[in-house]
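Listed below are the residues making up each chain.
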Amino acid sequence: MQNKVLFLLTLVLLSISSYAQRGVRVAYIDTEYILENVPEYQEAIAQLNQKADKWKNEIAAKLSAIEQKRKDLSNEKALLTKELIEEREEDIYFEEKEILDYQQKRFGPNGDLFIQQKQLMQPVQDQIFAAVQDIATNRKYDFILDKSSNTTILFSAKQYDISETVIRSITRTAKRTQAQSKAERKAAKEEELVPEVNLEQEARAKALEEKKKERESAIEEARQKKLAAREAKVKAAEERRQKILEEREKAKQAKLDARNKVSETENNEDEAKTDDDEKEETETDTTTETEVKTKAQLIEENRQKKLAEREARKKALEEKKKKILEERQKALEEKQKIRDSINQNK
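Residues numbered from 1 in each chain as written. Predicted model: local features only at pLDDT ≥ 70, side-chain atom pairs only at ≥ 80, totals over all residues. Heavy atoms only, no water.

Trainee: Mind showing me how you'd approach the overall build of the protein here?
Mentor: Across its full length, the protein holds 9 helices and 2 strands. Moving toward the C terminus, one meets the helices and strands of the protein in the order α-β-α-α-α-α-β-α-α-α-α. The 346 residues of the protein split such that 22% are buried. When contacts within the protein are restricted to residue pairs at least 6 apart in sequence, those whose partners lie at least 24 apart make up 81%. (Helix = DSSP H or I, 4+ residues; strand = E, 2+ residues; numbered from the N terminus. Buried < 20%, exposed > 50% of the residue type's maximum accessible area, 1.4 Å probe, protein only. Contact = heavy atoms within 4.5 Å.)

Trainee: Is there a simple way to explain the nonpolar core in this structure?
Mentor: Considering soluble globular proteins, one finds that nonpolar side chains tend to be buried as a cluster. Counting 32 residues, the largest nonpolar core has Ile 29, Ile 34, Tyr 41, Ile 128 and Val 166 as its most contacted members. Where this core is concerned, the elements lending two or more residues are strand S1 (26-29), helix H2 (31-36), helix H3 (39-76), helix H4 (82-107), helix H5 (112-139) and helix H6 (163-177). Per-element accounting of this core gives the leading share, 9 residues, to H3. In contact with Ile 29, not counting residues within four places along its chain, are Ile 34, Ile 128, Val 132, Ile 144, Leu 145, Asp 146, Lys 147, Ser 148, Asp 161, Ile 162, Ser 163 and Val 166. (Core = buried A, V, L, I, M, F, W, Y, C linked by side-chain atoms within 4.5 Å.)

Trainee: Would you explain the packing of H3 against H4 in this entry?
Mentor: Each pair of packed helices can be summarised by the angle the axes make with each other and by the distance between the axes. Interhelical geometry of H3 versus H4 gives an angle of 165° and a closest axis separation of 10 Å. Comparing their axes, H4 and H3 come out roughly antiparallel. Classified by chirality, the crossing of H4 by H3 is left-handed. Along the lines of polarity and charge, the residues of the contact of H3 with H4 split into 11 nonpolar, 1 polar and 12 charged. (Axes fitted to C-alpha atoms, helices over the stretch in contact; angles between N-to-C directions. Parallel < 35°, antiparallel > 145°, perpendicular 65-115°, else oblique. Left-handed = near helix turned anticlockwise from the far one by under 90°. Nonpolar A, V, L, I, M, F, W, Y, C, P; charged D, E, K, R; others polar.)

Trainee: When you look at the packing of aromatic side chains in this model, what are you seeing that I'm missing?
Mentor: The geometry of an aromatic ring pair comes down to the distance between the two centres and the angle between the two planes. This structure, assessed with the given rule, holds 2 aromatic pairs. Taking the centre distance of 6.1 Å and the plane angle of 75° together, the rings of Trp 55 and Phe 107 count as edge-to-face. With Trp 55 in helix H3 and Phe 107 in helix H4, this pair connects stretches of sequence that are 52 residues apart. In this structure Trp 55 comes out as buried when scored by relative accessible area, which is 8%. Relative accessible area serves as the criterion here: at 27%, Phe 107 is assigned to the partly exposed category. Between the aromatic rings of Tyr 93 and Phe 94, the centroid separation amounts to 5.8 Å while the plane-to-plane angle is 65°, which identifies the pairing as edge-to-face. Exposure remark for Tyr 93: the relative accessible area of 49% places this residue in the partly exposed category. Above the ring of Tyr 141, the side-chain terminus of Arg 25 is found at 4.7 Å from the ring centroid. (Phe/Tyr/Trp six-rings, centres within 6.5 Å; stacked < 30°, edge-to-face > 60°. Lys NZ or Arg CZ within 6 Å of the ring centre and 35° of its normal.)

Trainee: What is the right way to look at the environment of Glu 87 in this model?
Mentor: Residue placement: Glu 87 occurs in helix H4. In sequence terms Glu 87 and Leu 227 are 140 residues apart; their C-alpha atoms lie 8.2 Å from each other. Other than its neighbours up to four places away in sequence, Glu 87 contacts Arg 230 and Val 234.

Trainee: I would appreciate a short explanation of H3 in the present structure.
Mentor: Along an α-helix, residues three or four positions apart point the same way, because every turn accommodates 3.6 residues. With 38 residues, H3 extends 56 Å between its outermost C-alpha atoms, agreeing within 8% with the 56 Å of an ideal straight helix rising 1.5 Å per residue. If you check which residues of H3 are buried, you get Tyr 41, Ala 44, Ile 45, Leu 48, Ala 52, Trp 55, Ile 59, Ile 66 and Leu 73. Tucked inside the fold, the buried residues of H3 contact H2, H4 and H5. (Expected span 1.5 Å × (residues − 1).)

Trainee: Just to check I follow, could you spell out a negative patch on the surface for this structure?
Mentor: Taken together, the side chains of Glu 98, Glu 209, Glu 210, Glu 214 and Glu 216 make up a negatively charged region of the molecular surface. With 4 residues, the top contributor of residues to the negative patch is helix H8 (residues 199-287). Tracing the chain through its elements places Glu 210 in helix H8. (Patch = residues over 30% accessible without salt bridge, like charges linked within 9 Å, V, L, I, M, F, W, Y side chains within 5 Å. Areas by Shrake-Rupley, 256 points an atom, 1.4 Å probe, with all protein chains shown as cover. Salt bridge = Lys/Arg side-chain N within 4 Å of Asp/Glu carboxyl O. Lys, Arg positive; Asp, Glu negative; His and termini not counted. Charge placed at Lys NZ, Arg CZ, Asp CG, Glu CD.)

Trainee: Which parts of the structure should I look at to understand the pattern of salt bridges?
Mentor: Opposite charge on two side chains permits them to pair, given that their charged atoms come into close proximity. With the rule as written, the count across this model stands at 15 salt bridges. The salt bridge involving Glu 67 is made with Arg 70; its shortest N-O contact spans 3.9 Å. Pair noted here: Glu 67 and Arg 70 are both in helix H3, with a separation of 3 residues, about one helical turn. A residue is classified by how much of its surface remains accessible, and Arg 70, at 34% relative accessible area, is partly exposed. Arg 241 is the partner of Glu 238 in a salt bridge, and the nearest nitrogen-oxygen pair spans 2.6 Å. Within this pair, Glu 238 and its partner Arg 241 are both found in helix H8, separated by 3 residues, close to a single helical turn. Classification of Glu 238 by relative accessible area gives partly exposed; the value is 24%. Shared partners join several salt bridges into a network, and the residues in it are Glu 67, Arg 70 and Glu 96.

Trainee: Please explain a positive patch on the surface as it appears in this structure.
Mentor: A grouping of Arg 25, Arg 139, Arg 168, Arg 172 and Arg 176 is seen on the molecular surface, where their side chains present a positively charged patch. It is H6 that contributes the most residues to the positive patch, 3 residues altogether. Looking at where Arg 168 falls in the secondary structure, it is placed in helix H6. Under the relative-accessibility criterion, Arg 168 is labelled partly exposed at 44%.

As structure tokens, this is what we get:
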């Protein structure tokens, strides 16, 4: 860029030296200043900035919603299955990608903002160029430079600034070409302030739009397929999980039934044994009535001992049965908690 500037300055100096004998007429303009003083351009720029602000707010709101979904998922991960977590993460990824594509469409290098800025700038630049050509021809200028361009101008006297002249020329031209009738003026007010592109630009824009639609359609189709496959996968996983829970419940119930059966069998055996002992003791008492008193006392003590042992066994069995019932109730409560948690996650 510096080489180009030096080459341009060298060319200007050589040209000035060639015209030195007859006197060189040089002027300059400030394009940025001219654009700031063209009302139509400033009004269109203001409307375009409003559109850009609206797009930015819309994108910011969507990104904020995505961030909130990420936080919610992070807080709920402990309560979700791996399949549900993957599904939520993929949904967030797709939504974020759509927002970023929309942002690129609006603010990208070939986005709506860039195209409309170019559309706004081109007509005004054409007007400035036409006005500069007329002024240069009428006033016989040899060079007219642009102060706001990349050309380096170290010093410029105000008397050689013809920016105001260019603005007056553009204003006169606009007045000559503006609508004459009320109907035309009304139609002009209702027209879009952003100038229309030429046919070639329209064709390119249309082709780009069609490509974007095709790409968006393909992305949406792929997304729907993935969502359907994910839903089928989640459904199958839920069915497997439900089947496993049912099998576990059946196994627990069978185990509890077996324990109860064993407890009843032991109780019956203890009762039968106790009855036999009592019968035996009764028979012993009957046959030994004539025996000495010391032997009867020993038998009675033995009987009391056996009764105490039987009561202890009964008590142990009752405690064991009670413990099994408590464990069963606890298992049922845990199962109910799991079901409630699953229902809440759905």
